[in-house]
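Now for the letters of each chain:
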Amino acid sequence: MLVLNSGSSSIKYRLFDMPAGTSLAGGLIERIGESRGRLEHRSRGDVLEREQRVPGHAEGFALLLELLEGEGAPAAIGHRVVHGGDRFRAAALIDPGVREAIRARTHLAPLHNAANLTGIDAALAACPGVPQVAVFDTAFHQTMPPRAWRYAIPDAWYVRHAVRRYGFHGTSHGYVAREAAGFLDRDPGSLSLVVLHLGNGASAAAVQNGRSVDTSMGLTPLEGLVMGTRSGDLDPAVHAYLARRARLSPDEVDTALNEASGLKGLCGENDMREVERRAANGDERAELALDVFCYRARKYVGAYAAAMGALDALVFTAGIGENSAAVRRRICAGLGVLGLSLDEARNAAPGPLPAAVHAADSRVAALVIATDEELAIARETVACLENESPPPSPQQS
Ligand code: ADP
């Protein structure tokens, strides 16, 4: 099973042996279309790195097939697709109709969906007989009730322009929620979880009885938590205010909120390791950035516990969630009100993941679980293909 994550100038790939989920090889082709492309390929402990011009996605895909030749041709391909709108509630086998539906939603995520489609087209052209599946970042959140996904805006904006909350990181939230249930040895259908996916992009999800009931990202991945370079929530009047006051165009405000805000806007640095290092050395801006980041996340945990009326576990995942004990400690400070207390020593050194980091007398569990979006895509691809071609019905006796 080959999993592809195609960006506008890159292709990230992993090859899995399914259903075991063993990772056989993987890599990244970057700077596609530029004068000097870059390739990094890992397979069985070996790492190959080289610079080479890769004119387009089709050539990039041909290159990765060549690199994977020793592993045999892939039996199926799973593609990450960022925006499925409200059309896709689950992964979908790619046929001309599905391809067109992804294309028709490009306006919702112009950079991402267009890049994802380029990867899909390259793979369809090179491997015409191989089943290919689109796995959507938005699909897991399609179970949200309208009260969570509607904005209180003029109805026509929703009806005519599809302005509503969709949510992203769904593949990760779904995967981590299932892993959490497995770790707790509980039926996912009986659990109320808050998942904090804290990477460069960050989002929270309320997952109740195995389904997403709310999430912090909205129409775009800009809403919600403070992120590396994205502001997260802010007063929607800021756009018009800056247009009038600083004469910024809508695109200028949008770009600044996506690329020059968040941790970077607050302290000039978007890498959390560096923010923490500076804060520990007494840098006040870095300390403030850390404080705003953690405070926003804590507010979402409280809001989602109230939204679900229950909380069994808080789950931390992605680069920051998995690795930063300080961020987990700051977010959990004050969550005693919900019955959650951390075990400081376990939190400081959780050991191999998944790990529990709550105190023995904590009513709510705190877990650290490694996300693996590519493996999650591989599993969703397998599940989709099984649904598409159900096993022959047993002979009637
Ligand atoms: P992406 O959204 O790009 O997939 P990741 O999930 O890889 O992001 O997370 C990247 C973030 O994780 C960066 O801010 C990085 O600084 C942070 N991070 C990684 N390791 C640590 C660590 N040991 N302590 C604190 N932050 C970390």
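For clarity, every value in this text was computed on a predicted model and none was experimentally measured.

Enquirer: Any chance you could explain the site of the ligand here in plain terms?
Expert: Not every one of the 13 residues close to the ligand is listed here, only the nearest: Asn-200, Asp-271, Met-272, Arg-273 and Gly-319. A distance of 2.5 Å is found between an oxygen atom of the ligand and a side-chain nitrogen or oxygen belonging to Asp-271. At 3.3 Å from an oxygen atom of the ligand is found a main-chain nitrogen or oxygen belonging to Arg-273. Burial of the ligand by the surrounding chains reaches 67%, relative to a free accessible area of 580 Å². Elements represented by at least two residues in the shell around the ligand include exactly α10 (272–280) and α12 (318–323). Per element, the largest residue contribution to the shell around the ligand is 4 residues, and it comes from α12. Tallied by class, residues from the shell around the ligand come to 3 nonpolar, 7 polar and 3 charged.

Enquirer: How should I be thinking about the pattern of salt bridges in this particular structure?
Expert: Pairs can form between side chains of opposite charge whenever their charged atoms are close. Using the criterion set out here, one finds 23 salt bridges in the structure. A salt bridge links Lys-12 to Glu-374; the shortest N-O distance between them is 3.7 Å. Residue Lys-12 is found in strand β2 (residues 11–17), and its partner Glu-374 is found in helix α15 (residues 373–388); the two are separated by 362 residues along the sequence. Its relative accessible area of 40% is what places Lys-12 among the partly exposed residues. The partner of Glu-49 in a salt bridge is Arg-38, and the shortest N-O contact between them spans 3.0 Å. Of this pair, Glu-49 sits in strand β5 (residues 46–51) while Arg-38 is found in strand β4 (residues 38–43), placing the two residues 11 residues apart along the sequence. Assessed through its relative accessible area of 17%, Arg-38 is described here as buried. Ionic contacts of the salt-bridge type, sharing partners, join the residues Glu-30, Arg-38, Glu-40, Arg-42 and Glu-49 into one network.

Enquirer: Even after reading the chapter, I still don't get the sheet that holds strand β12 (residues 313–317), so can you show me in this structure?
Expert: Pairing between sheet strands relies on hydrogen bonds along the backbone, with the strands arranged either parallel or antiparallel. Pairing is mixed across the open sheet formed by 6 strands, whose spatial order is β11-β10-β9-β12-β14-β13. Since the sheet does not close on itself, it has two edges, and those belong to β11 (211–215) and β13 (355–356), each with one partner. As judged from the 2 bridges shared by β13 and strand β14 (residues 365–368), these two strands associate in the antiparallel manner. Across the sheet, Ala-355 pairs through a bridge with Val-368, a residue of β14.

Enquirer: Help me out: how do you make sense of the sheet that holds β2 in this one?
Expert: Overall, mixed pairing links the 8 strands, which are arranged β5-β4-β3-β2-β1-β6-β8-β7 in an open sheet. One side of each edge strand has no neighbouring strand; the edge strands of this open sheet are β5 and β7 (92–93). Relative to strand β8 (residues 132–136), β7 runs antiparallel, the two sharing 2 bridges. Within β8, the residue paired with Ala-92 across the bridge is Ala-134. Here α15 sits on the sheet and contacts β1 (2–6), β2, β6 (77–81), β7 and β8; the angle it forms with β8, its principal contact strand, is near 120°.

Reading the values: rules and limits
- Residues numbered from 1 in each chain as written.
- Predicted model: local features only at pLDDT ≥ 70, side-chain atom pairs only at ≥ 80, totals over all residues.
- Heavy atoms only, no water.
- Near = heavy atom within 4 Å.
- Polar contact = N/O pair within 3.5 Å; in protein donor to acceptor, adjacent residues only side chain to side chain.
- Areas by Shrake-Rupley, 256 points an atom, 1.4 Å probe, with all protein chains shown as cover.
- Helix = DSSP H or I, 4+ residues; strand = E, 2+ residues; numbered from the N terminus.
- Nonpolar A, V, L, I, M, F, W, Y, C, P; charged D, E, K, R; others polar.
- Salt bridge = Lys/Arg side-chain N within 4 Å of Asp/Glu carboxyl O.
- Buried < 20%, exposed > 50% of the residue type's maximum accessible area, 1.4 Å probe, protein only.
- Pairing = 2+ DSSP bridges.
- Contact = heavy atoms within 4.5 Å.
- Axes fitted to C-alpha atoms, helices over the stretch in contact; angles between N-to-C directions.

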